[in-house]
Amino acid sequence: MNYPERLENVAVLGAAGKMGSGIVLLTALEMADLSLDPANRDKEFTLHAVDVSPTALKGLVSYLREQALKAAEKKAVALRKAYAHREDLVLNSDIIRQYVQDVMDIVHPTTHLSDTFGSTIVFEAASENPALKVKLFSEIRAHGHPDVWIFTNTSSIPISELDRKAELSGRIIGFHFYNPPAVQKLVELASGGTTRQELKDFSAAFAKRIRKVVVPSSDTAGFIGNGHFMRDLLHAIAEAGRLTAEGHSFVEAVYMINKVSQEYLVRPMGIFQLIDYVGLDVCQCILKVMDDRIPGELLHSALIDELLAKGVRGGQFPDGSQRDGFLQYVKGRPSGVLDPESLAYTPVDSLAATCDVKLGATPASMISWKAALASANSDQSIAAFYADVRKTGTLAADIATRYGKRSCEIGRKLVADGVAANDEDVNRLLLTGFFHAYGPINSYF
Amino acid sequence: MNPLRRKVYMAAGSTTVSLGTGRKEFHPKKPRPGLEEHIREAGQGVLAQIGGAANVDEGVIGNFMAARFNHQGHLGALIPSIDDGLLWKPCHRVEGACASGGLALLAGIRSVLAETSEVTLALGTEVQNSVKAIYGADILSGAGWFRGERKHGHAHFFPSVFSDRAGHYFEQFGRDRTRNAFARWYRNAIENARLCPTAQEFHNTTADLEALALREPNPHTFVDHLNVFDCSKVSDGASAIAIVSEDGLSRIGVSKQDAVEVVGWAQLEADLTRPPEDPTRLETTRRTVARALEVAGIGIGDLATVECHDCFTMSGLLSVEAIGLAAHGEGPDYICAGETARGGSVPFNTCGGLVGWGHPTGATGVRQAISLWQQLTGKAENWQVEIPANRPYGLQVNMGGNDKTVVAIVYKRGG
Ligand SMILES: NC(=O)c1ccc[n+]([C@@H]2O[C@H](COP(=O)([O-])OP(=O)(O)OC[C@H]3O[C@@H](n4cnc5c(N)ncnc54)[C@H](O)[C@@H]3O)[C@@H](O)[C@H]2O)c1
């Protein structure tokens with residue numbers, strides 16, 4: 001089976017989820033592009049979009065239509081050539097409409113797993129639950145195509161473990177997109193010890209075609225991305241405890257750490273906002289998977305457990321808007337900070353009034369995340385900023401320095417433990433998967 | 001045949017800004033003026049300078065594709081919406097692709113010559129930001145031969161037409177020197193536009209314009225031989241001017257000093273279904289300009305300034321040659337030597353031209369006339385250039401499609 005043959009019959013499990021919908025989009029666009037190649041005219045491309053929720057599948061269809069339209073408008077130059085043989089398609093608008101139709105025709109939304117039993121490729125992006133994943137894979141192994149390849153989007157579960165439990169004999173690889181898949185440039189590729197070479201080759205080819213940067217990870221729970229993120233968030237939560245012990249209130253501590261981890265660390269959002277974005281439940285799942293599999297390190301947060309037990313979840317509403325978590329949101333922007341006791345949110349404005357003074361004055365050389373990304377020589381500006389931060393000796397400088405140092409330590413440990421091959425891979429992953437302005441392994445702190 | 005049996009003047013020009021990307025007040029997702037508002041603003045600007053609508057005998061408006069950009073035909077009947085004083089007066093709309101504005105001027109000139117009007121309000125308009133550029137390209141491709149050219153044309157139809165011309169020109173006369181001229185043309189356009197508050201590029205702050213303009217073209221996302229800086233942008237706007245006889249001037253209370261006189265004009269048409277014989281030349285433009293200069297009884301050595309149709313840097317370059325200021329193949333040197341810049345021997349497009357001021361297609365011909373009126377009567381404020389007494393003429397060239405409809409008009413100050 002060559003590359004296009006492999007992609008003739010594809011399934012995406014968890015297709016209507018956050019990750020699944022993006023994976024369906026990228027894969028369907030790639031399949032539509034293949035179908036337009038004259039060499040593939042005899043082939044029929046089908047993508048079974050499987051999810052347990054029929055309502056969510058409806059949402060998937062409108063998301064796909066909207067996104068396929070945008071993609072078509074962007075590549076109209078190439079599409080005119082691809083549809084040159086179609087005399088009936090004359091205007092750009094004719095061609096764009098046809099392409100969207102062709103993409104939609106490829107996608108077959110379904111709630112039946114059995115529809116995927118002819119598929120030769122299965123992307124899996126169902127919930128992060130090892131037992132669920134093993135059950136799905138076992139069923140596919142038992143009833144599906146004898147040579148089916150599984151590309152799991154798991155954030156944390158070791159691939160060789162899934163392989164062993166579902167008896168896939170190496171026909172599985174960790175093909176880990178970042179959220180949202182259509183936007184984030186990164187794919188973290190994790191092969192189990194048994195993963196077959198053909199899957200690795202295909203992954204490289206597919207990632208290239210859909211224009212993703214690949215960073216390889218060892219087959220360790222959490223891989224590189226969550227290996228860093230989970231330890232980073234545990235540090236933030238521990239810092240909140242430390243500041244509370246020093247006499248600040250909990251909401252003040254969360255406000256300050258969130259602000260410093262965004263503005264002083266020059267990141268796209270603060271750490272507590274990121275936890276909310278990913279979802280406390282997802283973080284809990286990933287932590288548990290890692291904690292169960294990585295000895296000698298406590299990867300667990302009692303606070304996250306407590307908040308989830310009280311119904312604080314974060315994550316997104318079905319329409320994509322942000323649900324409240326550590327922070328409260330108005331139009332996607334943090335507007336309040338949660339008190340875990342009363343579950344009330346203290347307005348950010350009133351916290352700013354007291355906390356910004358405590359944090360101390362910001363150096364004039366502070367560079368915004370946007371400016372850092374846009375600048376060609378941002379490392380100089382960032383180095384200059386941190387030199388000034390050190391001089392100020394403010395509370396913010398102290399939190400930032402501890403934070404930056406810890407992030408660097410986490411990065412180095414990932415390399416030392418063999419999770420990442422080298423410093424560059426860690427940095428590249430955080431740059432492309434988390435949109436950081438600089439890699440965690442640096443000499444700024 | 002006497003093309004000027006009577007004296008014809010233009011005065012009291014008024015234009016909206018050229019609205020589109022680059023203007024600070026433009027936001028693609030926010031509501032903005034439509035055809036009606038633009039037409040009213042430009043039209044009322046003229047009426048305020050000519051003693052009101054009662055002094056107007058008739059109206060004419062140039063527009064290319066409002067029927068598709070805005071689902072609005074019948075633009076002649078929007079003219080009375082400018083002012084009640086225009087009700088029950090003859091009005092009509094004319095169309096000749098991007099030369100629609102120029103054709104509106106000619107309709108006004110002819111009517112004054114025919115003595116059927118002493119004062120004609122001539123307008124031009126286009127509102128193009130109503131659709132995304134990729135669909136706008138479909139609409140604008142109507143200036144080409146739809147049945148014969150569209151299917152095999154490019155997604156970006158007109159940029160590609162002029163990119164192909166550029167490809168031929170590169171081959172014959174050298175790519176680097178030609179692209180250097182494009183970059184210089186772009187720089188001149190933006191620098192001029194920065195002096196003129198109504199220009200689309202008025203707010204442009206790019207430091208190194210030529211370096212920006214020299215970015216390599218990307219055939220995957222755009223066309224083979226041009227980049228986006230070689231192209232005029234998508235623009236909304238309307239422009240208006242009064243076209244009057246001598247009697248008309250006294251009726252509206254404008255002195256000859258404050259008007260320009262039309263001393264020569266020509267309008268030629270090429271066959272839409274026939275490709276240009278030599279893609280490195282604008283033959284229709286060449287013929288039309290030659291005829292207009294002949295009517296005016298002047299040579300190109302008499303020109304003080306030119307408004308040419310630089311919908312692309314490439315058409316700017318070819319216009320310089322077609323007008324006759326540089327020989328075939330020598331336009332790049334002429335431009336790179338700064339001859340067309342505001343300090344050069346014949347400054348072109350002194351408030352930015354189509355690349356810098358903007359190109360609301362149906363309005364462009366009228367806007368060019370306004371610019372020359374301002375320039376020749378000393379009303380050009382920050383963008384005024386010197387008009388030498390011994391060569392006091394201004395030339396306007398307005399081109400529709402791929403050099404198919406061309407209007408050329410020669411002006412000098414009225415008194
Ligand atoms: N959200 C992220 O930031 C992120 C990033 C990278 C990787 N991931 C991983 O991607 C996977 C999906 O995460 P998500 O955030 O998209 O979750 P999600 O909850 O948004 O989506 C999961 C989807 O799976 C569906 N589902 C549940 N059980 C199913 C079954 N038996 N068959 C078919 N569909 C089923 C659900 O209805 C839901 O639509 C997880 O493994 C997660 O760890 C998530």
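Residues numbered from 1 in each chain as written. Chains lettered and ligands numbered in written order. Predicted model: local features only at pLDDT ≥ 70, side-chain atom pairs only at ≥ 80, totals over all residues. Heavy atoms only, no water.

A.B. asks: Tell me about the overall build of chain B, residues and numbers included.
C.D. replies: Counting its regular elements, chain B contains 14 helices and 9 strands. Relative to its length of 415 residues, chain B is compact, with a C-alpha radius of gyration of 20 Å against a globular reference of 22 Å. In terms of overall dimensions, chain B has C-alpha extents of about 55 × 50 × 40 Å along its principal axes. In chain B, which comprises 415 residues, the proportion classed as buried is 61%. A fraction of 79% describes how many contacts in chain B between residues 6 or more apart in sequence connect residues 24 or more apart. (Helix = DSSP H or I, 4+ residues; strand = E, 2+ residues; numbered from the N terminus. Rg over C-alpha atoms; globule rule 2.2 N^0.38 Å. Buried < 20%, exposed > 50% of the residue type's maximum accessible area, 1.4 Å probe, protein only. Contact = heavy atoms within 4.5 Å.)

A.B. asks: Residues and numbers for the overall build of chain A, please.
C.D. replies: Helices and strands together make up the secondary structure of chain A, namely 18 helices and 11 strands. Over its C-alpha atoms chain A spans a radius of gyration of 23 Å, differing by no more than 12% from the 22 Å that the globule rule assigns to 445 residues. Sorting the 445 residues of chain A into buried and exposed places 55% on the buried side. A fraction of 72% describes how many contacts in chain A between residues 6 or more apart in sequence connect residues 24 or more apart. For chain A, the distance from the average position of its 47 positive side-chain charges to the average position of its 53 negative side-chain charges is 3 Å. (Lys, Arg positive; Asp, Glu negative; His and termini not counted. Charge placed at Lys NZ, Arg CZ, Asp CG, Glu CD.)

A.B. asks: For the site of the ligand, give the residues involved together with the corresponding values.
C.D. replies: Residues and elements named next belong to chain A. Inspection of the region around the ligand gives 20 residues, with Met19, Asp51, Glu128, Lys133 and Ser155 positioned closest. Gly14 places a main-chain nitrogen or oxygen 3.4 Å from a nitrogen atom of the ligand. Contacts to the ligand include Gly17, whose backbone N or O atom sits 3.3 Å from an oxygen atom. In the complex, the protein chains occlude 82% of the 810 Å² of accessible area that the ligand would expose alone. Secondary-structure elements contributing two or more residues to the shell around the ligand are helix H2 (18-36), helix H6 (130-143) and strand S6 (172-177). Among the elements that make up the shell around the ligand, the one with the highest residue count is H6 (3 residues). Looking at the shell around the ligand residue by residue, the classes come out as 8 nonpolar, 8 polar and 4 charged. (Near = heavy atom within 4 Å. Polar contact = N/O pair within 3.5 Å; in protein donor to acceptor, adjacent residues only side chain to side chain. Areas by Shrake-Rupley, 256 points an atom, 1.4 Å probe, with all protein chains shown as cover. Nonpolar A, V, L, I, M, F, W, Y, C, P; charged D, E, K, R; others polar.)

A.B. asks: Go over helix H11 (residues 313-323) of chain B with me, naming the residues and quoting the values.
C.D. replies: Residue and element names in this part refer to chain B. The element H11 is largely enclosed, with a buried count of 11 among its 11 residues. Listing the buried residues of H11 in full gives Thr313, Met314, Ser315, Gly316, Leu317, Leu318, Ser319, Val320, Glu321, Ala322 and Ile323. Following H11 by one or two positions, Gly324 adopts a phi angle in the positive range, close to 105°.

A.B. asks: Talk me through the nonpolar core; I want residue IDs and the actual numbers.
C.D. replies: Residues Phe229(A), Leu233(A), Ile257(A), Ile271(A) and Phe272(A) are the most contacted members of the largest nonpolar core, which totals 74 residues. No fewer than three residues from each of domain 1 (3-217) and domain 2 (225-433) of chain A sit in this core. If we skip the residues at most four places from it in the chain, Phe229(A) touches Ile271(A), Leu274(A), Ile275(A), Val278(A), Cys283(A) and Phe434(A). Residues Ile39(B), Leu47(B), Val262(B) and Tyr411(B) belong to the second largest nonpolar core, which totals 57 residues. (Core = buried A, V, L, I, M, F, W, Y, C linked by side-chain atoms within 4.5 Å. Domains from an automatic or database assignment.)

A.B. asks: Explain the packing of helix H10 (residues 250-264) of chain A against helix H17 (residues 395-416) of chain A to me, using residue names and the numbers behind them.
C.D. replies: Residues and elements named next belong to chain A. Where H10 meets H17, the axes come as close as 10 Å, and the angle between the chain directions of the two elements is 70°. Here H10 is positioned roughly perpendicular relative to H17, judged by the angle of their axes. Contacts from Met256, Ile257, Val260, Ser261 and Tyr264 in H10 reach Leu395, Ala396, Ile399, Ala400 and Tyr403 in H17. (Axes fitted to C-alpha atoms, helices over the stretch in contact; angles between N-to-C directions. Parallel < 35°, antiparallel > 145°, perpendicular 65-115°, else oblique.)

A.B. asks: Break down unusual backbone geometry for me, citing the residues and quoting the values.
C.D. replies: Residue and element names in this part refer to chain A. Residue Asn179 is joined to Pro180 through a cis peptide bond whose omega torsion reads -5°. Looking at where Pro180 falls in the secondary structure, it is placed in the loop between S6 and strand S7 (186-190). At Phe435, a position not held by glycine, the phi torsion is positive, near 60°. The residue Phe435 is located in the segment after helix H18 (423-433) in this model.

A.B. asks: I'd love a proper account of a nonpolar patch on the surface, names of residues and values included.
C.D. replies: Nonpolar side chains collect at one region of the surface, where Val183(A), Leu373(A) and Phe435(A) lie side by side and expose about 240 Å² of accessible area between them. In this fold, Leu373(A) is placed in helix H15 (residues 369-374). (Patch = residues over 30% accessible without salt bridge, like charges linked within 9 Å, V, L, I, M, F, W, Y side chains within 5 Å. Salt bridge = Lys/Arg side-chain N within 4 Å of Asp/Glu carboxyl O.)

A.B. asks: Go over the side chain of Asp425(A), please, and point to the residues and values.
C.D. replies: Residues and elements named next belong to chain A. Its place among the elements puts Asp425 in helix H18. Note on Asp425: relative accessible area 7%, which makes it buried. Look past the residues within four positions of Asp425 in its chain and what remains in contact with it is Val215, Pro216 and Ala420.

A.B. asks: Pulling in residues and values, what's your account of the layout of surface pockets?
C.D. replies: Residue and element names in this part refer to chain B. What the second largest pocket holds in volume is close to 1,100 Å³. Along the wall of the second largest pocket there are 43 residues; nearest its centre are Ala133, Cys231, Ser232, Lys233 and Val234. In the lining of the second largest pocket, the residues fall into 24 nonpolar, 13 polar and 6 charged. (1 Å grid on protein atoms, 1.4 Å probe; cavity = no way out; pocket = protein on both sides within 12 Å on 5 of 7 lines; lining within 4 Å. Points joined across faces, edges and corners; volume = space filled by probe spheres on them.)

A.B. asks: Describe the domain arrangement of chain A, naming the residues involved and giving the relevant values.
C.D. replies: All names here are of chain A. Looking at chain A, the domain boundaries give domain 1 (3-217) and domain 2 (225-433). Averaged C-alpha coordinates put domain 1 and domain 2 at centres separated by 32 Å. Here domain 1 is connected to domain 2 by 1 salt bridge. For Glu161, the salt bridge is made with Arg293, and the minimal N-O distance between the two is 2.5 Å. For the pair domain 1 and domain 2, the interface holds 5 residue pairs in polar contact (both at pLDDT 80 or more). Counting residues per element, the ones that place at least two in the side of domain 1 that touches domain 2 are S7 and strand S8 (213-217). Of the residues forming the side of domain 1 that touches domain 2, the biggest block, 5 residues, is contributed by S8. Classifying every residue of the side of domain 1 that touches domain 2 by side-chain character gives 10 nonpolar, 6 polar and 5 charged.

A.B. asks: Can you break down the sheet that holds strand S11 (residues 345-347) of chain A residue by residue, with the values?
C.D. replies: All names here are of chain A. Taken in spatial order, the 3 strands make up an open sheet running S9-S10-S11, and their pairing is antiparallel. Each edge of the open sheet carries a strand with a single partner, namely strand S9 (327-330) and S11. Strand-to-strand, the axes of this sheet are offset by a mean angle of 40°, without reference to chain direction. Of the pairings in the sheet, the one linking strand S10 (residues 333-338) to S11 comprises 3 bridges and is antiparallel in character. When the bridges of S11 are listed, Gly336 appears paired with Pro347. Here helix H14 (residues 348-359) sits on the sheet in contact with S10 and S11, set at roughly 65° to S11. (Pairing = 2+ DSSP bridges.)

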